[in-house]
Amino acid sequence: MTRGCIGSSPLQPTVAITIRTLEAYRQTHRVCPRLSIHAEAKKLCHLHGVCYGRYLAEQFRVAYDVYLELLRRVSLCVSQALGHTGPNWRACNSCPCCHYKVQDEPKLRFPFEIALDGNNSVKFVDPALRGGRERQDPRNGQSDIWIDEEYVDRFKDEVKNARRSHRPNTSAPADIVDPDDPWIYCENEDQDSNEPVNVCVDRWRNAAPEARKCMFSVFRKSGIFVAVCRHGFLLSICDMVRSGELMKYLLATINKLMDIFAERFLYGYNIKCAFHSILQRSSLGPAVQDLGIEGVVPGFHGHAHNRLCQVQHHSKFMLGAGKEDFKTCERTFSESNTLAPEIRNSTEFHRHQAPDEHFCFADQDKYAALGTFIFHNYMQALECIQAHDEFLRLFDLAPEDFESQWETAQHEFNQLDLRVIPDGFTNKDIANIRRRRTTAQNKMELKGQVVDDFEIRMGIEERWMTTHPERVRAQSRIANVQYHKALDDVERLVVMQLLELTKLQMSSLGYKLRTQIAKALKTRATAIRNALNRYNKYAAQLESPRPPITWEQVVEFSQLAEFDLLRDTDNQLQDKHWEEIVRCNVEIIRLCTKIQDDTLNFPVVIAQLRLSDPPLAGEVQRRWDHICSVNYFHLSRIAQIEALSGYSGGRAAGTRVDDDAYDDPDGEQQTLMEDFFEQLHDGPVDTDEV
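None of the values given here were measured: they were computed from a predicted structure.

A. Just the overall build of the chain, in detail. Each helix and strand in the chain was counted, giving 25 helices and nine strands. Looking at the chain as a whole, 43% of its 690 residues are labelled buried. Here the contacts in the chain between residues at least 6 apart in sequence split such that 76% fall between residues at least 24 apart.

And the structure:
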C-alpha cells in the first residue's frame, strides 16, 4: 500500500495491482458494466506482454475486492464526519427532490412517487449444480438498502391468509404447488364488475409462462425486486429466491417503505389492479389505508388492461400523478441487465457486491441529471397546457335546459303504415317480417325505458331536439371518445411494432425468437391497417378534424420519438399538467435548499477535519469539488426554468423541515453561500454541451 499497490495475497504476494489501475477499472466498469474482470486482466496481459491465464483474473479480483473494501471504509468515515449516518439514511436522503422537504412548501397530494417491479436477468446459478466444491465466503456484499430474506419471508403466507379472510370456507385448489403464487385465486374469487382483473392477470401471466416453470430449480436467486423513485434513485432492493415475482416481495417492499417514510406515497406496478385487493386484505391493509397509500398501473402497461380497468387504475386518470409514467424500473433494469453475465456464476458475495456498486454509481448519475429531468418535465407540462387549453374548452359540458322532439318522432312513427302488403309474399315471408317487426318494436320499447330511467336519474325534464346545442355537444363528445378509442388502438399496435422492431435489431438474439418476432410483425400489419381505417374515420368527424394517417407513414416510423401521435392521447384531466407544474416547483425549491445546505455544511466540516484528520479532509474536499461541479450544472438548469414564460415557482432556497438554524454570528457562511450562487451569473454552465 505504501507504494500505491495492492497485492493479490495478504502475506507473500507475487502479483500486485496499482491503485490507479484498480480505480481506472472501477470507473470504466461504472460506465460499461459489460467489462468483466477477465476482460480487464486480458487487457493488462496484452499491455505487459504476458500470456493470459485464468489465475491472473482471480488475482485481479482479489486485489479489486480489497480496494472496494477500503473505499467502503473511507466512505463510512466521510459519512460519519458529515453526519450522514443512521438507519436508512441512504433511502431517506438519496433523492433531494423527493425527500428533502422544505418549510412552507406547497402540499402535494402524494409527497413522492415510486415504481415497483421485478427483474429476472440478475440470476445466480445454484453452486450445487456447478462443478467443484463451493467455498464458504462469510463476507456480506449488501448495504443497508437491501431487504434480507428473513424480512421478506414474513409475508409469504399473506396471500393464503387474505384468501381465507375473504372466503373462509374455500380451500386452495389441489393443483396449486406454490401457495405464494401471486395470482392464485384471482380467477376463482367473486369478481366485482368494477374490478375486471382476470383478463389483466392472464395477459401478464402469459408474457413468459415457460420461464417460470423450469428456471427455479437451476437458480438459487432468480432475480431482484426493486423500488425506485420517479427520478430513478434506488429506495429498496431484495432477492427473488427460487421463484418468480411473488406477492411477498411487493408486500415486503411496501411495508419497508412505510416503516422508513411513514407518509403517503403513490406506487406504480404492472398489475396493481390485482395487487390492490391482496394488499387491502393483508395485514398491511389498515396501515395502508391510514397513510392513504395508493397505486396505479404504469402508462405503458395500460394497453394490456381492459378499458374498465384502465379507467380505474391507469396512471393518467389518477389525480396527483402528474405526467409520470411509472416505468422508471424498466429504465433502471436496462442499465443493470449488463451485470448478468458477470455475476451469474460468481459467489454469493460478488453477486451482491456488483449490483450494490452499480446502484451506488447509478444514484450519483441520477443526482447529476436532476436539473435536466426537472427542466424537461417543466417544458413538457407547459407545452401540454398550451396545446390542450383550446381543445379541452370545446368539450366543457355545462348543465343547461334540454329540449326534445321525442314525442313528435314517436307520433310520426306510429302514423307509418306498417301493414304488410301480401302481393308477392308467401305466408312464411309475411310471418318472418311480422316477427322481425315485433322484435324491433320490443327492442325500441326497451331502449325507451332505459332512456326514461336515465332521464329520471339525471333530472332531465325534456328531451333534446336534434339541433339542440347540448345534443350537438354530446354528439361531439361521443365522436371525441370514439376518436380516442381508435387512437389508443393505433398507439398500442404501433408501439408494439416499434418495440418488436427494436428487439429484432438487438444483438445476442436467438434465431427462434427472431422468427417469432417476424411472424408477429406480419400478423400485426393487418391489425394496424384496420386500426388506421377506424382512426381516420373518427378523426374526420371531430369539430377540429385531425389529419389522417397513412400506412406509409407508419412504416417509416423507426423510433418511439418519431410517433408524435402520442401527443394526442386523451388527457381529459387538465389539472394533471398543473399537478406536474406544482410538483416541479416543489422539487426545484428542494434541490436549491439541498445545494444551499451543502454549501454551508461541507466547508465547515472540511475546516474542522484539516485540524483533526488532514487525510480525511482531503477526501471530503475532493468529493465536495465534484458535488460543486454538479451543483453548478443544476443551477444553470434552474435558471433556464425560471426564465420560462410559464414559470410559477419560487426563486429562492428555503429551510429544511426540522432543521436547526446555522450558528453563523459573523455571517461568514451566509457570505460563502451568496458567493456560491452569484458564480452562476458570472459563468453559467453550457447545458447543451454537457
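B. Structural context of the layout of surface pockets. By volume, the second largest pocket amounts to about 2000 Å³. If you list the elements that add at least two residues to the lining of the second largest pocket, you get helix H1 (19–31), helix H3 (54–82), helix H4 (89–93), helix H16 (348–368), helix H23 (575–612) and helix H24 (614–642). With 13 residues, the single largest contributor to the lining of the second largest pocket is H3. Its residues placed into classes, the lining of the second largest pocket shows 17 nonpolar, 15 polar and 16 charged.

C. Spotlight on the pairing of strand S3 (residues 113–119). In terms of residue burial, S3 counts as a mostly covered element, since seven of its seven residues are buried. In this sheet, strand S6 (residues 219–229) lies alongside S3 in antiparallel orientation, the contact comprising six bridges. Paired with Asp117 across the bridge in S6 is Val226.

D. Just unusual backbone geometry, in detail. Positive phi is not limited to glycine here, since Asn88 has a value of about 60 degrees. One can find Asn88 in the loop between H3 and H4. Note on Asn88: relative accessible area 22%, which makes it partly exposed. We note that Asp104 has phi near 65 degrees; this positive angle belongs to a residue other than glycine. In this structure, Asp104 sits in the loop between helix H5 (96–99) and S3.

E. Seen up close, empty space enclosed by the protein. Per the stated rule, a full pass over the model turns up three cavities of 30 Å³ or more. Put simply, the largest cavity is a space of about 200 Å³. When contributions to the lining of the largest cavity are tallied by element, the ones reaching two or more residues are H1, H3, helix H15 (340–343) and H16. Broken down by element, the lining of the largest cavity gets its largest block of residues, six residues, from H16. Computed from the structure, the second largest cavity encloses a volume of approximately 50 Å³. Counting only elements with at least two residues in the lining of the second largest cavity, the list comes to H4, strand S7 (234–241) and helix H10 (247–261). Looking at the lining of the second largest cavity residue by residue, the classes come out as five nonpolar, two polar and three charged.

F. Representation of the state of the cysteines within the structure. Evaluated as defined, the whole model comprises zero disulfides. Cys51 takes part in no disulfide bond, and the closest cysteine sulfur, belonging to Cys45, lies 7.6 Å away. Cys229 forms no disulfide, and the closest cysteine sulfur to it belongs to Cys95, at a distance of 3.8 Å.

G. Just the packing of H1 against H3, in detail. Running from N to C, H1 and H3 point in directions that differ by 85 degrees, and their axes come no closer than 10 Å. Judged on the interaxial angle alone, H3 and H1 are roughly perpendicular. Note on element contacts: H3 touches H1 through Phe60, Ala63, Tyr64, Tyr67, Leu68 and Leu71, opposite Ile19, Thr21, Leu22, Glu23, Tyr25 and Arg26. Partitioned by chemical class, the residues of the contact of H1 with H3 number nine nonpolar, one polar and two charged.

H. Local environment of the pattern of salt bridges. The tally for this structure, following the rule as stated, stands at 30 salt bridges. Glu348 serves as the salt-bridge partner of Arg220, at 3.6 Å between the closest nitrogen and oxygen. Here the residue Arg220 occupies a position in strand S6, and Glu348 occupies one in helix H16, the gap between them amounting to 128 residues. By relative accessible area, Arg220 is classed as partly exposed at 22%. Linking Lys366 and Glu335 is a salt bridge whose minimum nitrogen-to-oxygen distance equals 3.5 Å. Note that Lys366 is positioned in helix H16 and Glu335 in helix H14 (residues 328–336), a separation of 31 residues in sequence.

I. The arrangement of the confidence of the model for the chain in detail. Mean pLDDT over the chain works out to 78, with 72% of the residues at or above the 70 mark. This stretch, residues 206–211, has a pLDDT under 50; its non-local contacts, to residues over four places away or in other chains, come to zero contacts. Across residues 683–690, confidence stays below pLDDT 50; counting only partners more than four residues off in sequence or on other chains, it has ten contacts.

J. Structural view of the packing of aromatic side chains. Taken as a whole and assessed by the stated rule, the structure comprises eleven aromatic pairs. Ring plane angle 55 degrees and centroid distance 4.9 Å describe the contact between Phe112 and Phe261, whose orientation is recorded as tilted. Taken together, the positions of Phe112 in the loop between H5 and S3 and Phe261 in helix H10 put the pair 149 residues apart, joining distant regions of the chain. When its relative accessible area of 0% is taken as the criterion, Phe112 is described as buried. Relative to Phe275, the ring of Tyr269 lies with its centre 6.1 Å away and its plane at 70 degrees, an arrangement referred to as edge-to-face. Note on accessibility: Tyr269 and Phe275 belong to one class, buried. Taken together, the ring pairs connect Tyr25, Phe60 and Tyr64 into an aromatic cluster. Stacked on the ring of Phe219, the Lys or Arg Lys123 has its end atom at 5.5 Å from the ring centre.

K. Just the packing of H3 against H16, in detail. At their nearest, the axes of H3 and H16 sit 13 Å apart, and the two run at 55 degrees to each other. As far as their axial angle goes, H16 and H3 are oblique. Read as a crossing pair, H3 and H16 show a hand that is left-handed. On the side of H3, the interface is formed by Arg61, Asp65, Leu68 and Arg72, while H16 contributes Phe349, His350, Gln353 and Glu357. Split into classes, the residues belonging to the contact of H3 with H16 amount to two nonpolar, two polar and four charged.

Conventions we followed
- Residues numbered from 1 in each chain as written.
- Predicted model: local features only at pLDDT ≥ 70, side-chain atom pairs only at ≥ 80, totals over all residues.
- Heavy atoms only, no water.
- Helix = DSSP H or I, 4+ residues; strand = E, 2+ residues; numbered from the N terminus.
- Buried < 20%, exposed > 50% of the residue type's maximum accessible area, 1.4 Å probe, protein only.
- Contact = heavy atoms within 4.5 Å.
- 1 Å grid on protein atoms, 1.4 Å probe; cavity = no way out; pocket = protein on both sides within 12 Å on 5 of 7 lines; lining within 4 Å.
- Points joined across faces, edges and corners; volume = space filled by probe spheres on them.
- Nonpolar A, V, L, I, M, F, W, Y, C, P; charged D, E, K, R; others polar.
- Pairing = 2+ DSSP bridges.
- Disulfide = S-S within 2.5 Å.
- Axes fitted to C-alpha atoms, helices over the stretch in contact; angles between N-to-C directions.
- Parallel < 35°, antiparallel > 145°, perpendicular 65-115°, else oblique.
- Salt bridge = Lys/Arg side-chain N within 4 Å of Asp/Glu carboxyl O.
- pLDDT = per-residue confidence, 0-100.
- Phe/Tyr/Trp six-rings, centres within 6.5 Å; stacked < 30°, edge-to-face > 60°.
- Lys NZ or Arg CZ within 6 Å of the ring centre and 35° of its normal.
- Left-handed = near helix turned anticlockwise from the far one by under 90°.

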